[in-house]
2 protein chains.
Amino acid sequence: MNPEDLLSRIRVVLCRPSHPGNIGAAARAMKTMGLSDLHLVAPRSFPDAEADARATGAVDVLQAAKVHADLPAALAGVRLAIALSARRRDLGPPVGDVRAMAAQALVEAAAGEVALVFGNETVGLSNDEVLCCQAAVSIPAKPEFSSLNLGAAVQILCYELRMAAFDAAPPTPDFRATPFASPTATVEEVEGLYAHLEAVALASGFLNPAQPGRLMPKLRRLFARARPERDEINILRGLLAATQQPTGHGRKR
Amino acid sequence: MNPEDLLSRIRVVLCRPSHPGNIGAAARAMKTMGLSDLHLVAPRSFPDAEADARATGAVDVLQAAKVHADLPAALAGVRLAIALSARRRDLGPPVGDVRAMAAQALVEAAAGEVALVFGNETVGLSNDEVLCCQAAVSIPAKPEFSSLNLGAAVQILCYELRMAAFDAAPPTPDFRATPFASPTATVEEVEGLYAHLEAVALASGFLNPAQPGRLMPKLRRLFARARPERDEINILRGLLAATQQPTGHGRKR
């Protein structure tokens, strides 16, 4: 099953959300990561203009959201429900870490529907709600201030699911293949630059051949790190050549 | 250097944020992951009640935030500035992925200050701003809908930094050590349960010794998966014993 199909089998369930804006933020967070199946348990206000505003381009996720009276109804047909738990509980399933749980969720999604279950902004999930879930996960926030915004928590879990679905390498636009880029320079081209640099350094008096110090090795180290492109070599050599002209401003007279 | 100290050396720079609410959301996202050094370049409105509202418990981060006229001023003293880039650019540093960049940022933080640089909500970073940065990073969102909320983007980057700082295992409250938990049962205790189950199954007529089928292996498989605790064994055996009493409701008569 392809990664996008696996992600489409993972629903997000928000239990008793108080702030419609957070419902919109959750919808947007889901859509950026390829999830779209949103379920709401007893939302305080939904639909709501504030939810639409925060969803921006993900209003379609809100429009397709299903509203339920209680969590068991929202989990109908699900084979694994994972509760987000921010605090210690006496009962409930053991709490795993996000990255490991995302990997497990994807494995389960190959066999059926999976749910991520989030609690109310202020009180979280009730014990009864946690007991409806077969697994629990905790976001490793700083223990002294572990209160993530609901939309932010949905964003992290959906991000880890997308990373897991694509083996940590989701496709992105090919940022490196810009129209501006030219091929990496060959060794000969780079050596041509070094020779040119050295000639200018000598002719200008900046490099004393009797005491060369480490100037050339240092320049080699710099350009080796930068892995210059052919166009960049040409720009640098053009600049060097310009300094060698009798009228060049950079020439030592 | 300990992980929390490394995280404290990473500043978040928001360039020209339009919505004060997003400044508050960014502050909260930072604090949940152990970051606290917030810099703002030409914010439309700051301080602002909306920023305070969305920051909730992270108003201290807002109060300590520094406001600058331009990005170079916000990057003073920084040894590595990493731009968040959501789109293809003709210029600027090569764009890496979040997880790899987080690891690199932590290495750099051991030697000095590091900055994460975020653009305006609508137009992102300008080309000039990107060229002030030595590295760039992209969040691997779904290419067809890659527009993350600013606070959500800050949350993901700070989360990956925290994960990197703690080698993917940040400390969390010990969720497993609940007052409710008891020691894992010994093999003998679990075998005692199986013997008890079998005795009840036989006495009740549910298990026919002439045709035992796979009842006991299936029960063993179930409880092996569950790794019962001592108290749970005791509860189950108490229940079984109750069914064996003459007055037990579960007894076959």
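The structure under discussion appears in the preceding block.
Residues numbered from 1 in each chain as written. Chains lettered and ligands numbered in written order. Predicted model: local features only at pLDDT ≥ 70, side-chain atom pairs only at ≥ 80, totals over all residues. Heavy atoms only, no water.

A. How the structure looks around the overall build of chain A. Each helix and strand in chain A was counted, giving 11 helices and seven strands. Relative to the globule expectation of 18 Å for 253 residues, the C-alpha radius of gyration of chain A, 29 Å, shows a markedly less compact shape. For chain A, the spread of C-alpha atoms along the three principal axes comes to 85 × 40 × 35 Å. The burial tally for chain A puts 47% of its 253 residues in the buried class. Partitioning the contacts of chain A with sequence separation of at least 6, the portion at a separation of at least 24 is 84%. As displayed, chain A has an accessible area near 12300 Å², and 56% of this comes from carbon and sulfur atoms. If you average the places of the 27 positive and of the 26 negative side-chain charges in chain A, the two averages end up 11 Å apart. (Helix = DSSP H or I, 4+ residues; strand = E, 2+ residues; numbered from the N terminus. Rg over C-alpha atoms; globule rule 2.2 N^0.38 Å. Buried < 20%, exposed > 50% of the residue type's maximum accessible area, 1.4 Å probe, protein only. Contact = heavy atoms within 4.5 Å. Areas by Shrake-Rupley, 256 points an atom, 1.4 Å probe, with all protein chains shown as cover. Lys, Arg positive; Asp, Glu negative; His and termini not counted. Charge placed at Lys NZ, Arg CZ, Asp CG, Glu CD.)

B. Geometry of the pattern of salt bridges. All names here are of chain B. In this structure the tally under the stated criterion is 25 salt bridges over all chains. The partner of Arg11 in a salt bridge is Glu113, with the nearest N and O atoms 3.6 Å apart. Of the two residues, Arg11 sits in strand 1 (residues 10–15) while Glu113 sits in strand 6 (residues 113–118), which places them 102 residues apart along the sequence. We classify Arg11 as buried; its relative accessible area is 8%. In this structure, the salt-bridge partner of Lys31 is Asp60, at a minimum N-O distance of 3.1 Å. Taken together, the residues Lys31 in helix 2 (residues 20–32) and Asp60 in helix 4 (residues 59–63) connect sequence positions 29 residues apart. (Salt bridge = Lys/Arg side-chain N within 4 Å of Asp/Glu carboxyl O.)

C. Here's a closer look at the sheet that holds strand 4 (residues 78–84) of chain A. Residues and elements named next belong to chain A. Pairing in this open sheet of seven strands is parallel, and the strands run 3-2-1-6-4-7-5 from one edge to the other. In this open sheet, the two strands that pair with only one neighbour each are strand 3 (66–68) and strand 5 (95–97). Here the strands of the sheet are splayed against their neighbours by 30 degrees on average, with no regard to which way each runs. Packing against the sheet, helix 6 (residues 98–109) makes contact with strand 1 (10–15), strand 4, strand 5, strand 6 (113–118) and strand 7 (135–138), and its axis sits at approximately 100 degrees to strand 5. Of the strands in this sheet, strand 1, strand 4, strand 6 and strand 7 touch helix 8 (residues 150–165), which is tilted by about 150 degrees from strand 6. (Pairing = 2+ DSSP bridges. Axes fitted to C-alpha atoms, helices over the stretch in contact; angles between N-to-C directions.)

D. Main features of the side chain of His68 of chain A. All names here are of chain A. In this fold, His68 is placed in strand 3. At a separation of 2.8 Å, a polar atom in the side chain of His68 contacts the side chain of His39. With residues near it in sequence (within four places) discarded, His68 still touches His39, Leu40, Val41, Ala42, Ala73 and Ala74. (Polar contact = N/O pair within 3.5 Å; in protein donor to acceptor, adjacent residues only side chain to side chain.)

E. The pairing of strand 6 of chain A, seen in detail. Residue and element names in this part refer to chain A. Most of strand 6 sits inside the fold, with five of its six residues counted as buried. Here strand 1 pairs with strand 6 via five bridges, running parallel. In the strand pairing of strand 6, Arg11 is matched with Ala115. Judged from the five bridges that link them, strand 4 and strand 6 form a sheet pairing that is parallel. When the sheet's bridge partners are listed, Ala83 is paired in strand 6 with Val117.

F. Examining the side chain of Glu129 of chain B more closely. Relative to the elements of secondary structure, Glu129 of chain B occurs in helix 7 (residues 127–131). Residue contacts for Glu129 of chain B: discarding those within four places in its chain leaves Cys15, Arg16, Leu71 and Gly124 of chain B.

G. Molecular detail of the environment of Pro17 of chain B. Residues and elements named next belong to chain B. For Pro17, the position within the fold is in the loop between strand 1 and helix 2. Sequence separation between Pro17 and Thr122 is 105 residues, and the spatial gap between their C-alpha atoms is 9.1 Å. Those residues within four positions of Pro17 in sequence are excluded, and the remaining contacts are Ile23, Val41, Pro43, Arg44, Asn120 and Glu121.

H. Highlighting the sheet that holds strand 4 (residues 78–84) of chain B. Residues and elements named next belong to chain B. Strand order in the open sheet formed by seven strands is 3-2-1-6-4-7-5, and the pairing between neighbours is parallel. The open sheet has two edge strands with one neighbour each: strand 3 (66–68) and strand 5 (95–97). The average undirected angle you get between the axes of adjacent strands in this sheet is 30 degrees. Both strand 5 and strand 7 (residues 135–138) contribute to a ladder of three bridges, which runs parallel.

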